[in-house]
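Architecture and fold: a report
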Amino acid sequence: MFYGKHPLTFIAVGNRFRHDDGVGWEIVRRLQSKRIPNAEIIEASGEGAALMEFLNGRQYVFIFDAVCSGARTGTIFRFEAHSQSLPSKFFNYSTHAFSVAEAIEMARAMNLLPEYLMVYGIEGKNFEAGAGLSQEVEQAVEKIVSKVLVELKVIGV
Amino acid sequence: MNKTIKVDYLARVEGEGSLQVKVKDGELKDVKLKIFEPPRFFEAFLRGRDFREAPDITARICGICPIAYQLGASQAMENICKVKVTGPLRDLRRLIYCGEWIESHVLHIYMLHAPDFLGYQDAIQVAKDHPDIVTRALRMKKIGNEIMRVLGGREIHPINLKVGGFYKVPPKRDLRALVDDLKWGLDAALETVKFVAGLPMPVFEQDYEFVALRHLDEYAIIEGQLVSNKGIDTPISGYDRHLVEEHVAHSTALHTRVVGRGSCMVGPLARYSLNFDKLSPLAREAANKAGLAPVCRNPFQSIIVRAVETVHAFDEALRIIENYQMPDKPSVDVHPQAGTGYGCTEAPRGICYHRYTIDDKGTILDAKIVSPTAVNQKTIESDLRNFIPPNLDLPDDKLQWQCEQAIRNYDPCISCSTHFLKLRVERE
């Protein structure tokens, strides 16, 4: 994890040692290999208070996290969180009642959201201990990386 | 009047539980706090593991209070191997525990419990109307996290604690870097006491058997004698003679009972009421100003007691850092020997008991871990049984609200009590 004063931030939420929960980290790793200038990378556990801290004062933020919503494995969810609320059934880190969705909604209530906040959720199926992604999740990773590269061009970062 | 109040999924508590209240002909017939999380069998899979692995394995029981498990397990192993961790290493253990109390108490006071008293559905609604309060809470919690990070390597499930002490200890300057934040935090904690003391408080007192650790020289956090206001006074090795666990049909977590009596209460109210004289002078003064007597029997006031303990934790952290001298070695050597040992600390929610038996090679043969929420379950139900009858004329939604608030008085950590932490919630 490293910090700096960059306009663009990629936040990977999850645990890369729990198979599909590490999808955010894998996306960020591949984005990093594209050598996007001035991008900052953060690996977050999903603990809400820390996440709010990461959001505070930033301009363009992308969050990548695995979700477990019951959808088909590998399904990609995309939320323009700067303009829409996040359904709290997604992005639950634990049942300790203050996770990704709550952190974003609380930051919204306090006017602390970045001006651009895109949240990508990827439906996982295997959250057991161990490294490596399910095949369907692996396929979603490439799709998201391409999507993000296009998005960055559109927003001009 | 017949009615059934069912809360299928309790919110703002940790883990998965539900509440069922049955009223028939205007009389309360049944109260069940149901815990339906499956057990995780931690005790079973500890068997056969090396004694040095216990702190890191048991830490996974809870993401909010990992230190309680790491220290309890470490102490039990040190107890078996006849090793004592003293001086600065003991102080550092106390310091990281202050960090855990701060994070946990602040989260519960502001994010989980205060919305009940203020009439909000959740903390996000509080943040809309009172952003200043929530900003304060987040900064306080972050300072607790920071103590955990500096000493433990990371905020959740720290990796730097071991049987015998630490893998690495910080130089004094790393701890001194926390001082300004801690001083701010101390002021913020005092403000927090004032804030929660001003909340509307239901009037409800019970004759509890308070059970907590007590230490001659300090407000017991990491060790002490097991005591109660109804006669328990024993070293921690006597735990099993006084407190027993039993199965009940409606809960996957074992219920605890005091031998020969009944339910008991552990946690902030018990600690405070048994150890008021050991709080720091500043914390005592804050309690006095908040109108708290030295013994507090109203569980709704636990929110104030948590705030007072938060004052104590900041105060104590500053004191420890002030006196800290970096030790020569980060840990004491521990060599396995066959035997049974005991460990117990004051987790934010109350005593967390560990007992292990190992062989002469250090292999774990038997383990028993009791979380504070498991101990409190019986008391939560008995609170509800006494709280509901005089309030039966309330409309259902209001009564349900107050019942949930009464459960949250205990900051129940259901995952801990069944040793289960569900990492993701599936769609209904």
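Placed above this text is the structure.
Throughout what follows, the structure given in this document is the object of discussion. Fair warning: this is a prediction, and the values are worked out from it, not measured in the lab.

Rules used throughout
- Residues numbered from 1 in each chain as written.
- Chains lettered and ligands numbered in written order.
- Predicted model: local features only at pLDDT ≥ 70, side-chain atom pairs only at ≥ 80, totals over all residues.
- Heavy atoms only, no water.
- Helix = DSSP H or I, 4+ residues; strand = E, 2+ residues; numbered from the N terminus.
- Buried < 20%, exposed > 50% of the residue type's maximum accessible area, 1.4 Å probe, protein only.
- Lys, Arg positive; Asp, Glu negative; His and termini not counted.
- Salt bridge = Lys/Arg side-chain N within 4 Å of Asp/Glu carboxyl O.
- Contact = heavy atoms within 4.5 Å.
- Phe/Tyr/Trp six-rings, centres within 6.5 Å; stacked < 30°, edge-to-face > 60°.
- Lys NZ or Arg CZ within 6 Å of the ring centre and 35° of its normal.

Observations regarding unusual backbone geometry
For A:Asn111, which is not glycine, the phi dihedral falls at a positive 55 degrees. If you trace the backbone, A:Asn111 turns up in the loop between helix H3 (100-109) and strand S5 (116-123). With a phi close to 55 degrees, B:Lys82 is a non-glycine residue in the positive phi region. Secondary-structure assignment places B:Lys82 in the loop between helix H3 (66-80) and helix H4 (87-118). Since its relative accessible area comes to 67%, B:Lys82 is described here as exposed.

Structural notes on the side chain of B:Arg306
All names here are of chain B. Along the chain, the position of Arg-306 falls in helix H12 (residues 302-323). The charged side chain of Arg-306 is buried without a salt bridge, its nearest counter-charge being Asp-411 at 4.3 Å. With residues near it in sequence (within four places) discarded, Arg-306 still touches His-105, His-108, Ile-109, His-113, Pro-268, Asn-409, Tyr-410 and Asp-411.

Re the packing of aromatic side chains
Two aromatic rings are characterised by how far apart their centres lie and by the angle between their planes. Counting across every chain of the model gives 15 aromatic pairs over all chains. Ring geometry for A:Phe10 and A:Phe62: centres 5.8 Å apart, planes at 55 degrees, overall tilted. Of this pair, A:Phe10 sits in strand S1 (residues 8-13) while A:Phe62 sits in strand S3 (residues 60-67), placing them 52 residues apart in sequence. Taking the centre distance of 5.4 Å and the plane angle of 75 degrees together, the rings of B:Tyr272 and B:Phe276 count as edge-to-face. The pair B:Tyr272 / B:Phe276 is uniform in exposure class, with both members buried. The cationic tip of B:Arg139 hangs over the ring face of B:Trp184; the distance from NZ or CZ to the ring centre is 3.9 Å.

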